[in-house]
Amino acid sequence: MHRQYEVLPTQEDESHTQVRVFPKSNGEYSYSYGPTGLQGLLNNSFAFRCALFASLGGLTFGYDQGVIANVLVMKDFVARWPIGPWQKGLMTAVLELGALVGALTAGALADRLSRRGSICFACVVFCIGSAFQTFASSVTILTVGRAIGGLGIGALSMLSPLYIGEIGAPETRGALLALEQLGIVLGVVLGFWFGFFTRSIPGSWSWRLPLGLQIFPGVLLGIGVFTLPPSPRFLVHRGKNAEALQSLANLRFPKANEFDEEDPLLRIELLDMQIDTAMVQPLTKTGVGTEVAMWGQLLTARYIRRTLVGIFIMFWQQWSGINALLYYGPSLIQRLGFSGDSAILIGSGFINITQFFAVIPTILYIDKLGKCHLGGGAVMGFSHAMIALLVWTSSKDWSSHQLNAWICLGCMYLFTAAYGTSYGPIAWVLSSEVFPISVRSRGVALSTASNWVNNFLIGLVTPAFVETNAAGTYLMFAVACFSASVWAFLAVPETTGVSLEEIDRMFNSSAGREDTERRSQLQEELGLRQLLSDLVTQEE
């Protein structure tokens, strides 16, 4: 039986890390450059800043969510193009169809162009779509622009987390991945409030200007991404191990003028990347039949439960009602009896701010607390149920039930805060961690596709549902949230700090064990086991 190890840093200067290595009783081996949480982010501040910049990819999607909520109720837009609820839903949701295609094709693009090159290409597509929307002369052109922009947004929804995950240190990777959700929420806030402050501009520039402003983060990310360090994992994938080591050293020790090629943690991390690449490369043969077979793997008995977790975590995330609230917040608040543009828009805008601040503590502590936050679904369900009850009893005469209207608004804030600490950020992390390395790229792509399909459906049906039965719409979201809580309790494993063998037992599968056996063989072949043995302390 192979020895199992724990690698601990004991001292760090600008270019070298001293480590102690101890046997472990659980898992193969683990390593880190420091603590998790806020201190870990500060210790890896350069990688944190790079990931924060890359999360502009999420901001592009969030900005669209926030700005469209305002555009749909702007006076010039409504007067220029009076559209019904189904047309409104289609115009809003067609972006998600484009995003679905973009997300599914982004993986192949990233492997061919590089992570940074594919992010730049996605930004170009997004900016073209944004330009179509800004200068649209008809609803048709605006809808086409949203579909084109969606291609870029969908690609970025996969590429940004992919790049962030590949540059992050092991102890902060979960927190850095959660930055994607922070970028989305920040984009929602900016998009909404830019639209709020331009709504009084005379003529069509009241809505053209906020739609046009989204071009700027696209240009900034598309150009600025080449100032970021290349992904070490991608360089290893291309066989450029020396360049990968240099990039890794720049990320872990950015202040050092020179780095020690024999630094133990750098060598361990680089070898780990080489092992991951060696495990995936035999599965990347070209050909339509091979491609279909590799996707079909996700539906076999070995992987189906993991696949369902990835698909359903995104399903419940969307059917919680969050994007219905973001897309149509002003319209929904208006139906709660609030009157006046400012009151309605401000009420909706502070919902976005609530979500922004709720996400922050999750980013800081997700690597310590894991997925326990998925219990937030019960709070989300309670909030929707209260709104459904009060809308049903008070909607015929809100003027006589002002307290109930304010309680409904408070429940919206409660729902948003619970979502921001649970299904919002954790869905993106869980959908990556639940798959073994051999099928992870396609598993994540399928999970992301689930997000966009359900996002499309929410955007399409919400206006018609609310028009027909507002109380019933909130009740539907309540049932979805309570169901999500039950599902999470029964089906979602805790993956933070859990070995592949333990995850296997949870899923009644041998996929992780087989991956582990293959990894063990590669560790021997590439010299990682020998390196760990050489570093074992005299104290064991």
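Owing to the predicted nature of the structure, the values given are computational and were not obtained by experimental measurement.

Side note on the overall build of the chain
Inference 1: Each helix and strand counted, the chain has 26 helices and three strands in total.
Inference 2: Expressed as a percentage of its 540 residues, the buried residues of the chain come to 57%.
Inference 3: If you take every contact in the chain between residues at least 6 apart in sequence, the share linking residues at least 24 apart comes to 81%.
Inference 4: As displayed, the chain has an accessible area near 21,500 Å², and 63% of this comes from carbon and sulfur atoms.

Overview of the environment of L271
Inference 1: With respect to the helices, strands and loops of the structure, L271 is situated in helix α14 (residues 264-280).
Inference 2: Residues contacting L271, with those up to four places away along its chain left out, are L526, G527, L528 and L531.

Some points on the environment of V429
Inference 1: As for its position among the elements, V429 is in helix α21 (residues 423-433).
Inference 2: Overall, V429 belongs to the buried group, its relative accessible area being 1%.
Inference 3: As for V429 and L176, which are separated by 253 residues in sequence, their C-alpha atoms are 9.6 Å apart.

Regarding the packing of aromatic side chains
Inference 1: According to the stated counting rule, one finds 18 aromatic pairs in the structure shown.
Inference 2: For the pair F315 and W316, a centre-to-centre distance of 4.9 Å together with 80° between the ring planes defines the contact as edge-to-face.
Inference 3: Members of the aromatic cluster, joined through ring pairs, are F192, W193, F196, F197 and F350.

Structural notes on helix α7 (residues 139-167)
Inference 1: An ideal rise of 1.5 Å per residue puts 42 Å on 29 residues; α7 measures up with 41 Å between its terminal C-alpha atoms.
Inference 2: Along α7, the sharpest kink reaches roughly 25°, centred on L156.
Inference 3: Summarising burial for α7: 21 of the 29 residues are buried, a large majority.

Thoughts on the confidence of the model for the chain
Inference 1: Here the chain averages 81 in pLDDT, and 82% of its residues register 70 or above.
Inference 2: In the model of the chain, strand β2 (residues 17-23) stands out as the element of lowest mean pLDDT, 55, in contrast to helix α6 (residues 115-134), which has the highest, 95.

Considerations on the nonpolar core
Inference 1: Of all hydrophobic cores here, the largest spans 65 residues; its most connected members are V391, M412 and Y423.
Inference 2: No other element matches the nine residues that helix α23 (residues 470-491) contributes to this core.
Inference 3: Contact partners of M412, with chain neighbours within four places excluded, come to L325, L332, I333, L336, I351, I387 and Y474.
Inference 4: In this structure, C50, A69, F196 and L228 belong to the second largest nonpolar core, which totals 39 residues.

Details of the pattern of salt bridges
Inference 1: Throughout the structure, instances matching the rule amount to four salt bridges.
Inference 2: A salt bridge links E166 to R115; the shortest N-O distance between them is 2.9 Å. Here the residue E166 occupies a position in helix α7, and R115 occupies one in helix α6, the gap between them amounting to 51 residues. An identical accessibility class is assigned to E166 and R115; each is buried.
Inference 3: For the salt bridge of R252 with E269, the shortest nitrogen-to-oxygen distance reads 2.8 Å. In this pair, R252 is assigned in helix α13 (residues 241-252) and E269 in helix α14, connecting sequence segments 17 residues apart. Across the pair, E269 and R252 agree in class, each one buried.

Considerations on the environment of L308
Inference 1: Here L308 is to be found in helix α16 (residues 304-319).
Inference 2: Note on L308: relative accessible area 37%, which makes it partly exposed.
Inference 3: When the C-alpha positions of L308 and L446 are compared, they lie 9.9 Å apart, and in sequence the two are 138 residues distant.

Quick look at a nonpolar patch on the surface
Inference 1: A cluster of nonpolar residues, V124, I128, F132, I141 and V144, forms a patch on the protein surface that exposes about 370 Å² of accessible area.
Inference 2: Where the nonpolar patch is concerned, the elements lending two or more residues are α6 and α7.
Inference 3: Mapped onto the fold, V124 is located in helix α6.
Inference 4: Residue classification places V124 among the partly exposed positions, given a relative accessible area of 42%.

Thresholds applied
Residues numbered from 1 in each chain as written. Predicted model: local features only at pLDDT ≥ 70, side-chain atom pairs only at ≥ 80, totals over all residues. Heavy atoms only, no water. Helix = DSSP H or I, 4+ residues; strand = E, 2+ residues; numbered from the N terminus. Buried < 20%, exposed > 50% of the residue type's maximum accessible area, 1.4 Å probe, protein only. Contact = heavy atoms within 4.5 Å. Areas by Shrake-Rupley, 256 points an atom, 1.4 Å probe, with all protein chains shown as cover. Phe/Tyr/Trp six-rings, centres within 6.5 Å; stacked < 30°, edge-to-face > 60°. Expected span 1.5 Å × (residues − 1). Bend = angle between axes of the 7 residues up to and from the residue. pLDDT = per-residue confidence, 0-100. Core = buried A, V, L, I, M, F, W, Y, C linked by side-chain atoms within 4.5 Å. Salt bridge = Lys/Arg side-chain N within 4 Å of Asp/Glu carboxyl O. Patch = residues over 30% accessible without salt bridge, like charges linked within 9 Å, V, L, I, M, F, W, Y side chains within 5 Å.

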